[in-house]
Amino acid sequence: MKDFFKYITLLFAITLLSCNKTQNKQENTEAIKTSLVDYVNPLMGTDSEFSLSNGNTYPAIATPWGMNFWTPMTSKMGDGWTYKYDEYKIRGIKQTHQPSPWINDYAAFSFMAVTGDLKFQEDERASWFSHKAETVKPNHYSVYLADYDVVAEVTPTERAAHFKFTFPKSDESYIMLDAFFKGSMVKIIPEERKIIGYCRNNSGGVPDNFHNYFVAEFDKDFEINHTWNDDWKLIENSTNSEGEHVGAIIGFKTKKGEEVHVKVASSFISLEQAQLNLSREIGADTFEQTKEKAKQAWEKELNRIQIEDDNIDNIRTFYSSLYRVLLFPRKFYEFDADENVVHYSPYNGKVLPGYMFTDNGFWDTFRAVFPFFNMMYPELNGKIMQGLANTYKESGWLPEWASPGHRDCMIGSNSAPIISDAFLKGVKEMDVEVLLEAMLKNATVSEGRPVNSVGRAGLEYYNDLGYVPYNVGINENAARTLEYAYADFTIAKMAEKLGKADIAEKYYKQSMNYKKLFDPSTNWMRGKNKEGDFQSPFNPLKWGDAFTEGNSLHYTWSVFHDIHGLMDLMGGKEKFASKLDEVFEMPPSFDASYYGFTIHEIREMQIVNMGNYAHGNQPIQHMIYLYNYANKPYKAQEKVREVLTKLYSATPDGYCGDEDNGQTSAWYVFSSLGFYPVTPGTDEYVIGSPLFDKVTLHLENGNIFDITSKNNTTKNFYIQSATLNGQQYENTFLKFKDIQNGGSLQFNMGENPNKSWGSNPENIPFSLSKN
């Protein structure tokens, strides 16, 4: 009998162990399944060059909105295209703050490891590498430096990073810190295994006292220490160097497979603050601990939106795009010894309390990036709004393109829709009166603008005539007029909610200025002379000139706030829809004479076989959704799905033009969910064609909003019917509160268009003339 009980006990133990193994296997499988970081490809968009952009991105090894990013360099110091996918040598891994190759970088310095004969000049030290021996994740970069038999790795924190170099057996192993040009200093402290210093490289937008201070701590004694000075002059056995372009080299013997770690942090405030950032963010952590913390930082944010679908390629594209949306604007603030939020001001050079964010072009990001933050990250956007108020206090103006301070790039007055949309959607901790004052200054004061992109170029003409004239020497005048009119609308909306009726009335009236540029003889927007006649000759296919990085076919639709009014000017819904069709149905003809050559934005439009629709640049990205305003939402559904599946992929050539601080990615993120913010400053999103079977939004207020699409296939992209929280839903728009309150939106999809869904006048999204 005892043997029987022994047998039963043994059998139970084996069964329990087997169950535990099965459970552990299931848990591990589930963990793998839900590791969203693994879906992200930071190489998306890196196969780009000056003449053709497939994204113009670089692999940003960073935490969300981190103060510092890190990236491998295939190109020379100072080249805005720092990493080109089809190049084959690595010169180093640099700290970068670059928001765009066109804006270029600032505060960059790099690390590189070599073995054998000492090579430190950037051309000589560059090592062959292969994408086959390269690991690229948001939280981790690893590359095999073939010329030196070294594996170089880096993993980030917000203001620091942890490097790991795995060396071969060598009596001559080196790690070098290149502090870059335009002013730098290095100091090697062998007894502390440390290199400290600063770099000052920039592309503009900095005060005279601008520095990026760095501290690098090693876990191996230095047997050799050299520096170099200007013109790559090697100074052997030295520990200090300061000049136009300096660097530091430390060396030692290594065993095969020996790992040397470097913990590095930086600060725009001081060396002491850099050390504090390093101690606080990495401290005694191992490389693997730093790597895991960075991974979890990404997992937290990526899991805010959970996708259920069988198409793994679409899921990879979604999370690769979402990763880009969560990079900019970067945090430009630090925490002092007492944990107070402080920042070095890139506007007046002082260290001041409070938040600061930078590296953003609002001409791009007002369209979808900031509306995404208002939907999913209102607390973060509240801090960004505090940063905008600080920018105004420190420089006297709101930023339009900051990197890190004011930069003269692009047009418009797009800080207004960003601020207004945040305020109207209930973002907290905003200094509302200061921000409104700043918006009104943009709209009324022309003197003292620090650069031409700040405030409103042509303001006197606009306020006097209602438009910026074509023939007064102000370029891109029609585009400016249209963007100022929309900004006026957002000012009016904010003033109205604040009970400032006089201001609201004035700016609502000014928001109708778009009508002054509408040419009824062509049904296109057209530049207008100071005397009141339209510019002539007029070619709606001419890029630039009266418009910005586009032509009249692209900018005519930039009446975000009053599509119904634009429709009336065109002669009604049918003519409006026909005009939309015309853009897609005509060949990709263009006139590049304003630029003197075919700019990359033109080429990207030309090659995708979608007529004159130029999705690779921002002005037209909302246009597809305008079919809804003409009660033809099925046409929007068709075009949205075509762009989602044809023009995006999680590959090095995965964009159809510049990515631009998350905007082109945000279009994908929103549109794949099934809707898009055509008019920031209103409480509506316009419905398109949802890409996934199910999406779950985990909102910051704790609510959950589900979007389910039944019978959703590559052919079934037309909405047949919809329900919101179980009730039939016919509107071709979705309210902000419907999402924030939580609930469920369900679409039934089909292969053929249901032309009756969303076909009534009351189903049309907001327009100022109609509402």
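Provided above is the structure to which this section pertains.
Here's a quick rundown of the structure. Owing to the predicted nature of the structure, the values given are computational and were not obtained by experimental measurement. (Residues numbered from 1 in each chain as written. Predicted model: local features only at pLDDT ≥ 70, side-chain atom pairs only at ≥ 80, totals over all residues. Heavy atoms only, no water.)

Once that is clear, we can look at the packing of helix α15 (residues 563–570) against helix α16 (residues 573–585). When two helices pack together, their arrangement is given by the angle between their axes and by how far apart the axes lie. Packing of α15 against α16 brings their axes to within 7 Å, and their N-to-C directions diverge by 95°. Overall, the two elements α15 and α16 adopt an arrangement that is roughly perpendicular. Within the contact between the two elements, α15 uses Ile563, Leu566, Met567 and Met570 and α16 uses Lys573, Lys575, Phe576 and Lys579. Of the residues in the contact of α15 with α16, the class split is 5 nonpolar, no polar and 3 charged. (Axes fitted to C-alpha atoms, helices over the stretch in contact; angles between N-to-C directions. Helix = DSSP H or I, 4+ residues; strand = E, 2+ residues; numbered from the N terminus. Parallel < 35°, antiparallel > 145°, perpendicular 65-115°, else oblique. Contact = heavy atoms within 4.5 Å. Nonpolar A, V, L, I, M, F, W, Y, C, P; charged D, E, K, R; others polar.)

We now examine the sheet that holds strand β32 (residues 704–710). In spatial order, the strands read β19-β31-β32-β36-β33-β34; together these 6 strands make up an open sheet with mixed pairing. The two strands at the open ends of the sheet, each matched to only one other strand, are β19 (305–308) and β34 (727–728). (Pairing = 2+ DSSP bridges.)

Mapping Glu134 onto the fold places it in strand β6 (residues 134–137). Buried and unpaired, Glu134 has Lys132 as its nearest opposite-charge partner, separated by 10 Å. Of note is the side chain of Glu134, whose polar atom sits 2.9 Å from the side chain of Tyr83. Polar contacts involving the side chain of Glu134 include one to the side chain of His131, which spans 2.7 Å. Excluding anything up to four places from it in sequence, Glu134 contacts Leu43, Tyr83, Phe129, Tyr141, Ser142 and Val143. (Buried < 20%, exposed > 50% of the residue type's maximum accessible area, 1.4 Å probe, protein only. Lys, Arg positive; Asp, Glu negative; His and termini not counted. Salt bridge = Lys/Arg side-chain N within 4 Å of Asp/Glu carboxyl O. Polar contact = N/O pair within 3.5 Å; in protein donor to acceptor, adjacent residues only side chain to side chain.)

On to the packing of aromatic side chains, then. In the structure shown here, the tally under the stated rule is 61 aromatic pairs. Note on Trp524 and Trp557: the rings are 6.2 Å apart at their centroids and 90° apart in plane angle, and the pair reads as edge-to-face. Taken together, the positions of Trp524 in strand β28 (residues 524–525) and Trp557 in the loop between α14 (552–555) and α15 put the pair 33 residues apart, joining distant regions of the chain. On the basis of relative accessibility, which here comes to 4%, the residue Trp524 falls in the buried class. Sitting over the ring of Phe736, Lys425 keeps its end group 5.5 Å from the ring centre. The ring of Phe534 carries Lys528 above its face, with NZ or CZ at 4.9 Å from the centroid. (Phe/Tyr/Trp six-rings, centres within 6.5 Å; stacked < 30°, edge-to-face > 60°. Lys NZ or Arg CZ within 6 Å of the ring centre and 35° of its normal.)

Among the 7 residues that make up β32, 5 are buried, leaving the element largely enclosed by the rest of the structure. Linkage of strand β31 (residues 694–698) to β32, two consecutive antiparallel strands, is achieved through a turn of 5 residues, within which Gly702 is found at a positive phi near 95°. Here β32 runs beside strand β36 (residues 743–750); their pairing, made up of 6 bridges, is parallel. Considered in β36, the bridge of Ser709 is made with Phe747.

Counting residues in hydrophobic clusters, the biggest one holds 209 residues, and the most contacted among them are Phe111, Ile175, Phe372, Trp557 and Leu697. Element by element, the count of residues in this core is highest for helix α12 (residues 477–497), at 10 residues. Among residues more than four places away in sequence, those in contact with Ile175 are Phe111, Met112, Ala113, Phe165, Phe167, Phe218, Ala248, Ile249, Ile250, Phe252, Val260 and Val262. Ranked by size, the runner-up nonpolar core spans 12 residues in total, among them Met67, Phe268, Ile269 and Met356. (Core = buried A, V, L, I, M, F, W, Y, C linked by side-chain atoms within 4.5 Å.)

The topology assignment puts Asn390 in helix α8 (residues 378–395). In this structure the C-alpha to C-alpha distance between Asn390 and Gly197, which are 193 residues apart in sequence, comes to 29 Å. Leaving out residues up to four positions away in the same chain, Asn390 has contacts with His343, Pro353, Gly354, Tyr355 and Met356.

With that settled, the discussion passes to the pairing of strand β3 (residues 92–96). Summarising burial for β3: 5 of the 5 residues are buried, a large majority. Neither face of β3 is left uncovered, since the one carrying Gly92, Lys94 and Thr96 and the one carrying Ile93 and Gln95 both have all their residues buried. Bridge count for strand β1 (residues 69–73) against β3 is 5 bridges, and the pairing is antiparallel. Its bridge partner lying in β3, Thr71 is registered against Lys94. Bridge analysis of β3 against strand β4 (residues 109–115) gives 3 bridges, and the strand direction is antiparallel. Bridge pairing links Lys94 to Ser110 in β4.

That's the geometry; what it means functionally is another story.
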